[in-house]
Amino acid sequence: MWFARRLLSSVAQRSQYGGQSGLFRRPQHCALPELEPRYLQCTCCWRSRVPVAGFETLDATLSSTSTPCKEDNRSLDACYTSEQRDAILQLLNNASPSELAGVKLLRGRKSLNIVEYRTKNGPFQTLESVVNVPLLKHKSAVTVFNSILNPVKKEKKVKIQLAKFIRPEVDRSWLEDASSIVSLVCGTNKIAWTHVDRGMKVLDWQQLECPNFLRGTYMASAYLNDVSTVVELLPSADFYIIEKSSISVQNTTLVPIMVHMRTVEAMLFALLEPRNSPPESNIPPRVLNMMRSAVGRHFGLMVGESRTSGAQTVRQLMTESVTQKLPRINFPPELLVKYRNYFQMGSRRGGEELCDALLQAVAFYELLSESSS
């Protein structure tokens with residue numbers, strides 16, 4: 001029905017306007033070169049109109065705006081000179097994961113896939129072989145190659161983003177020279193800690209119940225007894241990173257929790273910080289605070305101003321420690337066995353403090369690495 005009426009309409013229009021077809025028509029009775037759009041009318045209601053272009057108009061438009069396809073049938077090697085190919089292959093075959101992450105599109109899993117592929121199959125011999133790497137197809141490979149040949153120069157970059165989240169402020173060189181840190185998180189009835197070295201290996205990971213927390217009237221001697229017991233168990237490290245909670249004082253129902261957190265925090269600072277060095281000496285503080293919200297943002301755990309559980313993220317890190325050659329963090333087998341069922345959904349083991357202590361340590365090193373690059 002539509003086609004029949006369209007055909008009749010077209011014949012009538014050709015007769016009326018001198019047989020001219022196309023996207024626009026010029027009335028014969030009009031002296032000015034005004035153009036009117038042509039339409040298809042709906043045969044059901046006769047009100048709806050859809051503009052339509054003639055084939056000659058579409059062909060002219062396409063021929064004037066078309067550009068050669070970048071992804072032609074040529075191989076990737078044929079798109080570059082021999083010098084350019086050598087420069088690209090040199091970087092792909094020798095760069096570390098952190099160096100590869102500096103190339104556009106290679107940050108994250110792609111850089112690890114390149115390292116794993118060349119370790120298994122040997123160095124790349126051609127540019128075309130790069131598309132065999134998982135997550136790297138023709139279009140993204142071209143972007144990577146062009147980024148290698150024309151790296152973007154970053155004129156201004158903040159020296160260290162970690163300084164926004166660490167208190168008191170310390171010189172970056174002190175943090176970079178640290179061989180290991182202990183990350184501590186205080187809960188309502190326990191303290192958890194993680195000992196992680198510079199190579200992102202977990203050396204220790206545990207928590208201790210504190211029976212006097214939030215009992216009675218916050219007896220100082222009872223609190224000191226629990227905190228001292230934890231301090232005696234802590235391994236030696238260059239820095240002790242204590243989580244700084246972000247509880248709002250405007251929420252009056254959480255004031256007891258806030259007082260509890262600040263009390264434990266102050267005792268940890270007093271017991272862990274050496275007191276035999278004068279304030280004027282050029283010795284960095286050994287105990288630092290790290291904002292809880294900063295760690296949450298680093299792992300994408302923030303919902304508004306609140307932080308969600310990090311159990312799923314920790315399970316993923318533990319899985320990657322076994323399945324990947326270059327995981328974000330390495331766990332000893334005994335710790336994997338000990339905590340493999342600790343962070344399952346619905347578990348009542350109370351491992352949130354353990355999760356937070358580990359994530360704080362990982363975030364500390366990764367933020368430090370990003371600020372140094």
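Scoring rules and cut-offs
- Residues numbered from 1 in each chain as written.
- Predicted model: local features only at pLDDT ≥ 70, side-chain atom pairs only at ≥ 80, totals over all residues.
- Heavy atoms only, no water.
- Helix = DSSP H or I, 4+ residues; strand = E, 2+ residues; numbered from the N terminus.
- Buried < 20%, exposed > 50% of the residue type's maximum accessible area, 1.4 Å probe, protein only.
- Contact = heavy atoms within 4.5 Å.
- Areas by Shrake-Rupley, 256 points an atom, 1.4 Å probe, with all protein chains shown as cover.
- Pairing = 2+ DSSP bridges.
- pLDDT = per-residue confidence, 0-100.
- Expected span 1.5 Å × (residues − 1).
- Arc of directions from axis to C-beta.
- Salt bridge = Lys/Arg side-chain N within 4 Å of Asp/Glu carboxyl O.
- 1 Å grid on protein atoms, 1.4 Å probe; cavity = no way out; pocket = protein on both sides within 12 Å on 5 of 7 lines; lining within 4 Å.
- Points joined across faces, edges and corners; volume = space filled by probe spheres on them.
- Nonpolar A, V, L, I, M, F, W, Y, C, P; charged D, E, K, R; others polar.
- Axes fitted to C-alpha atoms, helices over the stretch in contact; angles between N-to-C directions.

Right, let's talk about the overall build of the protein chain for a bit. In terms of helices and strands, the protein chain carries 13 helices and 12 strands. When each of the 373 residues of the protein chain is scored for burial, the buried share is 38%. Pairs at least 24 apart in sequence give 62% of the contacts found in the protein chain among residues at least 6 apart. Roughly 22,200 Å² of accessible area belongs to the protein chain as shown, and the carbon and sulfur atoms make up 54% of that amount.

Turning next to the pairing of strand β10 (residues 287-291). With four of its five residues buried, β10 lies for the most part within the structure. In this sheet, β10 lies alongside strand β5 (residues 166-167) in antiparallel orientation, the contact comprising two bridges. Across the sheet, the residue bridging to arginine 167 is asparagine 289, located in β10. Inspection of the sheet shows strand β9 (residues 239-244) paired to β10 by five bridges, in the parallel sense. Note on β10: the bridge partner recorded for glutamate 243 is methionine 290.

Here we take up the confidence of the model for the protein chain. Per-chain confidence: the protein chain averages 78 in pLDDT, with 73% of residues scoring 70 or above. Confidence over residues 1-8 falls short of pLDDT 50; this stretch has 10 contacts with residues more than four positions distant or in other chains. Contacts from residues 52-71, a stretch scored under 50 in pLDDT, to residues over four places away or in other chains number 16 contacts.

This next bit is on helix α6 (residues 138-149). In this model, α6 (12 residues) spans 17 Å end to end at C-alpha, consistent with the 16 Å of a helix rising 1.5 Å per residue. Every buried residue belonging to α6 is among Ser140, Ala141, Val144, Phe145, Ser147 and Ile148, and all of these are buried. Projected down its long axis, α6 carries its buried residues within an arc of 160 degrees, all on one side. Residues of α6 that are buried sit in contact with α3 (82-94).

All right, on to the pattern of salt bridges then. Evaluated as defined, the whole model comprises nine salt bridges. Measuring nitrogen to oxygen at the nearest pair gives 4.0 Å for the salt bridge that ties glutamate 243 to arginine 307. Of this pair, glutamate 243 sits in strand β9 while arginine 307 sits in strand β12 (residues 306-307), placing them 64 residues apart in sequence. Judged by relative accessible area, which is 15%, arginine 307 ranks as buried.

For the rest of this paragraph, the subject is the layout of surface pockets. For the second largest pocket, the calculated volume is near 510 Å³. Considering the residues around the second largest pocket, the lining is formed by 24 residues, among which Ser245, Ser246, Ile247, Arg292 and Arg307 are closest to the centre. Elements supplying a minimum of two residues to the lining of the second largest pocket: β6 (180-186), α10 (292-298), β12 and α13 (352-372). Considered class by class, the residues forming the lining of the second largest pocket number six nonpolar, 10 polar and eight charged.

With respect to the helices, strands and loops of the structure, serine 111 is situated in helix α5 (residues 109-121). Residue classification places serine 111 among the buried residues on the basis of a relative accessible area of 4%. Setting aside its immediate chain neighbours within four residues, serine 111 contacts Pro97, Leu100, Ala101 and Leu106.

Further remarks concern empty space enclosed by the protein. Applying the stated criterion across every chain, the model contains one cavity of 30 Å³ or more. Its volume calculated, the largest cavity comes out at about 90 Å³. Along its surface, the largest cavity is lined by Leu184, Val185, Cys186, Ile242, Glu243, Ser245, Met261, Arg262, Val264, Glu265 and Leu268. The dominant element in the lining of the largest cavity, judged by the number of residues it contributes, is helix α9 (residues 255-272), at five residues.

With that settled, consider the sheet that holds strand β7 (residues 190-197). Here six strands make up an open sheet; going across it, the order is β5-β10-β9-β6-β7-β8 and the pairing mixed. What marks the edges here is a single partner per strand, and that holds for β5 and β8 (202-209). Across the sheet, α9 lies against β6, β7, β9 and β10, angled at about 170 degrees from β9, the strand it touches most.

Bringing the pairing of β8 into the picture now. Strand direction decides the pairing type here: β7 and β8, joined by seven bridges, are antiparallel. Within the sheet, the bridge partner assigned to valine 196 lies in β8 and is valine 202. Adjacent in sequence and paired antiparallel, β7 and β8 are bridged by four residues, among which methionine 200 carries a positive phi angle near 60 degrees.

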